[in-house]
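Analysis of the macromolecular model
Here's the letter readout for the chains.
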Amino acid sequence: MAGARVHAALPDPPLQSEDENKEEEKAFGNIFAELESVDLPLGTTLRSIYDDQPNAHKRFMEKLDARIRNHDREIEKMCNFHHQGFVDAITELLKVRADAEKLMGQVTDTNRRLQEAGREVTAQTEEVIRCRIQQRNMATTVEKLQLCIPVLEMYSKLKEQLESKRYYAALKTMEQLEKVYIPRVSQYRFCQIMAENLPKLREEIKEISMSDLKDFLESIRKHSDKVGETAMRQAQQHRTFNSAVAKQASTGHYTKPVYSLNGRTHSHAHNGLMMEEDSGDEEEADEEILTAQDLVDFSPVYRCLHIYTVLGDRETFENYYRKQRKKQARLVLQPQANMHETVEGYRRYFNQIVGFFVVEDHILHATQGLVTRAFTDELWNMALSKIIAVLRTHSSYCDDPDLVLELKNLIVIFADTLQGYGFPVNRLFDLLFEVRDQYNETLLKKWALVFREIFEMDNYSPIPVETEEEYKLVVSRFPFHDAEIEKQDFPKKLPMSQSVPQIYTQVKEFIYASLKFSESLHRSSTEIDDMLRKSTNLLLTRTLSSCLQNLIKKPHIGLTELVQIIINTTHLEQACRYLEEFITNITNVSPETVHTTRLYGLSTFKDARHAAEGEIYTKLNQKIDEFIQLADYEWGMAESDGRASGYLMDLINFLRSTFQVFTHLPNNNNDHASMSGKVAQTACMSACKHLSTSLMQMLLDTELKQVSMGAIQQFNLDVIQCELFASSEPVPGFQGDTLQLAFIDLRQLLDLFMVWDWSTYLADYGQPTSKYLRVNPATALALLEKMKDTSKKNNIFSQFRKNDRDKQKLIETVVKQLRSLVNGMSS
């Protein structure tokens with residue numbers, strides 16, 4: 001009916017051709033197929049119907065009605081075809097209904113009876129099932145427990161090992177737990193907890209072992225001093241023993257050493273650090289030899305090393321250990337501020353360093369690679385540079401030779417100890433040469449005080465000897481031999497003063513003291529001989545020479561003392577060859593050796609003698625100057641007093657008494673006599689020349705403006721007394737008038753003015769046979785200018801001008817000629 005209504009509403013379609021109808025049918029067929037499909041959207045299809053062409057929807061509706069009618073007809077046909085079968089099936093189902101109800105009752109009854117019959121069996125079956133489940137669970141439990149028990153036992157063992165601090169074994173147990181036991185029962189929670197706890201336990205072990213290592217590093221600083229003291233004591237005993245062995249070997253007896261500092265060269269090891277060999281001397285062999293392992297417990301190091309190795313973190317441990325030991329090395333190498341004051345300060349310093357390196361040497365050989373030879377060599381080179389710098393600084397503060405000597409002995413033992421452990425110590429022995437120089441300096445300072453004290457206590461008089469015993473005592477101390485003096489009867493006097501044998505003895509003591517430093521330096525006899533001679537040369541040329549020079553310059557040393565000093569230096573100079581023989585006997589080195597250093601005593605004592613002689617001349621001249629300063633000439637006097645000036649007579653008497661001192665010296669020794677005579681002659685000549693020069697300077701003083709003829713005459717009288725003194729031979733040994741020649745310049749000048757012989761002077765000037773050859777024109781002019789008429793008052797030529805003008809003109813002419821000569825000399 002709906003289809004009929006749709007069909008009635010549509011208008012009649014226009015007439016179409018047959019082809020157009022086919023296309024239209026095909027198009028609508030596609031549209032219906034799309035509409036009947038449940039998968040395609042209807043909106044698009046419907047929109048195509050209405051948007052295609054005008055009145056297309058009308059045609060669509062017509063086609064739709066027709067399609068509906070077709071479907072209705074097909075439905076109707078299908079219902080008519082199956083209707084009879086449906087009716088038959090319903091009829092048969094009604095027949096079966098009654099039988100089904102009957103069967104249902106029978107099944108229900110049978111089920112009820114079966115349930116009642118099987119209820120008891122079901123109960124028993126359930127009990128059996130439950131028992132079998134329990135049995136299976138128990139077997140499974142036993143099986144699993146058998147797997148878990150070893151894990152628990154191993155974990156319990158781990159706890160016990162941790163409590164007993166057997167950390168290395170605990171790490172092995174942990175490794176077994178992780179690799180063997182826990183994987184078998186890893187599904188259980190307690191095993192998971194164990195597995196999670198093991199890394200924590202490893203960290204605890206690392207922390208504990210590192211804490212033990214830190215405690216070890218802290219305690220090792222306390223033990224280093226004791227370890228070093230023991231090692232150095234053994235090195236000293238070893239060196240002493242070797243010295244004894246060397247002496248026994250020289251006599252044909254030899255005994256093997258009972259111990260060795262560097263025991264690794266021997267066969268029997270003692271704790272891996274020190275070693276010893278069997279010896280015939282049972283007492284020494286039985287002596288306990290303490291080693292680093294005896295004094296220090298190294299187990300924390302070993303334990304920590306094993307633990308970190310097992311944990312695969314060995315490199316971290318090695319780096320930490322080396323870093324900490326480097327820090328400790330720097331602390332050990334830092335000296336105390338007052339270390340140089342006592343030998344104990346140096347000993348503690350060396351003990352700590354030796355202890356440090358003995359421990360490192362032990363670690364080097366007792367462990368596999370914890371420290372390497374390169375690491376210890378690096379530490380030693382760093383330490384060696386620091387040690388040398390410290391010793392240089394602190395030894396420079398030492399002014400006590402005994403302390404420096406003890407320091408040297410400590411350095412030698414220190415070097416020998418570390419050399420025994422394989423550390424190179426050549427730089428330390430090189431340092432000893434610097435310390436030797438410091439030692440020599442302290443010796444020189446000490447002996448300078450000794451020499452000064454000897455000189456201060458000396459009376460500078462010949463040594464009196466009353467008996468043969470006294471004479472032998474002096475000769476035993478000083479090599480004095482004089483045949484003339486030996487022939488004399490007692491009492492007698494030796495030419496030198498008491499300081500000479502004392503100085504000689506002290507020089508020998510100095511050589512002994514210097515020799516002490518050369519011992520144990522591993523140097524040859526030639527080098528020791530050379531060192532002794534050089535140090536002795538320094539003593540003679542610097543210390544003793546300086547003391548002599550200062551002594552000579554002292555104000556209280558008079559001419560007598562100076563002469564005695566000259567004699568003393570002569571004897572000391574002669575004794576130098578005995579000192580050379582003394583050194584030769586000590587070192588057994590022949591003086592003819594090519595490189596043997598000679599003693600410089602000859603130049604030292606010659607210089608001292610020359611200084612003493614010069615001081616004699618200087619003191620004489622100073623005394624002469626003091627007398628001349630007392631001169632009080634009246635330069636304008638009309639005529640002289642007719643006698644010499646008092647100051648000059650006092651001066652001449654002083655000179656006579658002074659030169660008598662030289663004649664009172666012991667002169668029975670030819671050397672002494674010639675020496676004293678030479679000094680006396682030189683002193684006398686020097687005094688006369690200085691006196692002549694001083695008188696000439698007094699006469700020509702520029703501040704002196706006027707000189708009268710009377711003053712000239714008085715001055716001439718004084719010069720005559722000087723000439724008389726020179727001709728009286730105050731010191732024997734002068735030939736002819738050699739001494740008078742010191743006053744020849746004054747004599748010719750005074751004669752020229754006294755005689756007024758200008759014509760002869762001017763005529764013979766420049767001739768080698770001139771009577772006034774020593775008179776310089778400038779000198780004559782200067783004195784003549786002082787005698788000219790410069791003022792009418794007090795002019796000595798005033799009477800001449802009044803009485804004889806020609807003579808005045810002659811003076812003017814002489815002045816002009818003298819000036820001409822002076823100008824000619826200057827041009």
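Residues numbered from 1 in each chain as written. Predicted model: local features only at pLDDT ≥ 70, side-chain atom pairs only at ≥ 80, totals over all residues. Heavy atoms only, no water.

A separate point is the overall build of the protein chain. For the protein chain, the count of helices and strands is 29 helices and 4 strands. Split into buried and exposed, the 827 residues of the protein chain put 41% on the buried side. Counted over contacts in the protein chain with a minimum sequence separation of 6, partners at least 24 positions apart contribute 76%. Only carbon and sulfur atoms are counted for the fraction: they give 51% of the accessible area of the protein chain, which is about 46600 Å². (Helix = DSSP H or I, 4+ residues; strand = E, 2+ residues; numbered from the N terminus. Buried < 20%, exposed > 50% of the residue type's maximum accessible area, 1.4 Å probe, protein only. Contact = heavy atoms within 4.5 Å. Areas by Shrake-Rupley, 256 points an atom, 1.4 Å probe, with all protein chains shown as cover.)

On to the packing of helix H25 (residues 744–755) against helix H27 (residues 777–787), then. In contact at an axis separation of 11 Å, H25 and H27 are set at 40 degrees when each is read in the N-to-C sense. The orientation of H25 relative to H27 falls into the category oblique. Remark: the crossing between H25 and H27 carries right-handed chirality. For the pair H25 and H27, the contacting residues are Leu749, Leu752 and Phe753 in the first and Thr779, Ala780, Leu783, Leu784 and Met787 in the second. A breakdown of the residues in the contact of H25 with H27 according to their chemical character gives 7 nonpolar, 1 polar and no charged. (Axes fitted to C-alpha atoms, helices over the stretch in contact; angles between N-to-C directions. Parallel < 35°, antiparallel > 145°, perpendicular 65-115°, else oblique. Left-handed = near helix turned anticlockwise from the far one by under 90°. Nonpolar A, V, L, I, M, F, W, Y, C, P; charged D, E, K, R; others polar.)

All chains considered together, the criterion is met by 0 disulfides. Sulfur of Cys688: no disulfide; nearest cysteine sulfur belongs to Cys684 and is 4.4 Å away. (Disulfide = S-S within 2.5 Å.)

Once that is clear, we can look at a nonpolar patch on the surface. Among the surface-exposed residues, Phe86, Val87, Ile90 and Leu94 lie close enough to one another that they form a single nonpolar patch of about 380 Å² accessible area. Looking at the secondary structure, you find Phe86 in helix H4 (residues 56–163). (Patch = residues over 30% accessible without salt bridge, like charges linked within 9 Å, V, L, I, M, F, W, Y side chains within 5 Å. Salt bridge = Lys/Arg side-chain N within 4 Å of Asp/Glu carboxyl O.)

What follows covers the pattern of salt bridges. Oppositely charged side chains are able to pair whenever their charged atoms sit close together. In total, this model carries 22 salt bridges according to the counting rule given. Across the pair Arg347 and Glu344 runs a salt bridge, and its minimum N-O distance is 2.6 Å. Of the two residues, Arg347 and Glu344 both sit in helix H11 (residues 343–366), 3 residues apart, roughly one turn of that helix. Here Glu615 makes a salt bridge to Lys619, at a shortest N to O gap of 3.8 Å. Linking Glu615 with Lys619, this pair stays in helix H21 (residues 601–629), spanning 4 residues, or about one helical turn. Overlapping salt bridges bring together Asp109, Arg112, Arg113 and Glu116 as one network.

Attention shifts here to the packing of aromatic side chains. Considering all chains together, one arrives at 23 aromatic pairs under this definition. Between Tyr349 and Phe350 the ring centres are 6.0 Å apart and the planes differ by 50 degrees, which places this aromatic pair in the tilted class. Judged by relative accessible area, Tyr349 falls into the buried class, the value being 3%. For Phe350, a relative accessible area of 0% translates into the label buried. (Phe/Tyr/Trp six-rings, centres within 6.5 Å; stacked < 30°, edge-to-face > 60°.)

Take a negative patch on the surface next. A surface patch of negative charge is lined by Glu466, Glu468, Glu469, Glu470 and Glu486. The dominant element in the negative patch, judged by the number of residues it contributes, is helix H15 (residues 468–477), at 3 residues. Tracing the sequence through the fold places Glu468 in helix H15. According to the relative accessible area criterion, Glu468 is partly exposed, its value standing at 35%. (Lys, Arg positive; Asp, Glu negative; His and termini not counted. Charge placed at Lys NZ, Arg CZ, Asp CG, Glu CD.)

Let's shift gears to the side chain of Ser694. Considering the arrangement of structural elements, one finds Ser694 in helix H23 (residues 670–699). With relative accessibility at 10%, the residue Ser694 sits in the buried group. Once residues within four sequence positions are removed from consideration, Ser694 is found in contact with Asp625 and Ile628.

The next subject is the nonpolar core. In this structure, Phe350, Trp380, Ile387, Phe414, Ile616, Phe715 and Trp758 are the most contacted members of the largest nonpolar core, which totals 201 residues. At 14 residues, helix H6 (residues 189–250) tops the list of elements feeding residues into this core. (Core = buried A, V, L, I, M, F, W, Y, C linked by side-chain atoms within 4.5 Å.)

Moving on to the environment of Arg373. Topologically, Arg373 is positioned in helix H12 (residues 373–395). Of the residues examined, Arg373 reaches a relative accessible area of 33% and is grouped as partly exposed. For Arg373 and Glu360, which are 13 residues apart along the polypeptide, the C-alpha to C-alpha distance reads 9.8 Å. In this structure, Arg373 is in contact with Asp361, Leu364, His365, Tyr421 and Phe423, ignoring residues within four places of it in sequence.

This paragraph deals with the environment of Asp215. Positionally, Asp215 belongs in helix H6. Taking relative accessible area as the criterion, Asp215 reaches 48% and is therefore assigned partly exposed. Separated by 85 residues in sequence, Asp215 and Pro300 place their C-alpha atoms 8.6 Å apart.

Moving on to unusual backbone geometry. Phe490 connects to Pro491 through a cis peptide bond whose omega is -5 degrees. At Tyr460, a residue that is not glycine, the phi angle is positive and equals roughly 55 degrees. Within the secondary structure, Tyr460 is located in the loop between helix H14 (426–457) and strand S3 (463–465). The phi dihedral of Glu729 is positive, around 55 degrees, even though this residue is not glycine. For Glu729, a relative accessible area of 46% gives the class partly exposed.

Glancing now at the confidence of the model for the protein chain. With 82% of its residues at a pLDDT of at least 70, the protein chain reaches an overall mean of 77. Confidence drops under pLDDT 50 across residues 1–13; counting only partners more than four residues distant or on other chains, this segment forms 14 contacts. Confidence drops under a pLDDT of 50 for residues 665–673, and excluding neighbours within four residues, the segment shows 14 contacts in the predicted structure. (pLDDT = per-residue confidence, 0-100.)

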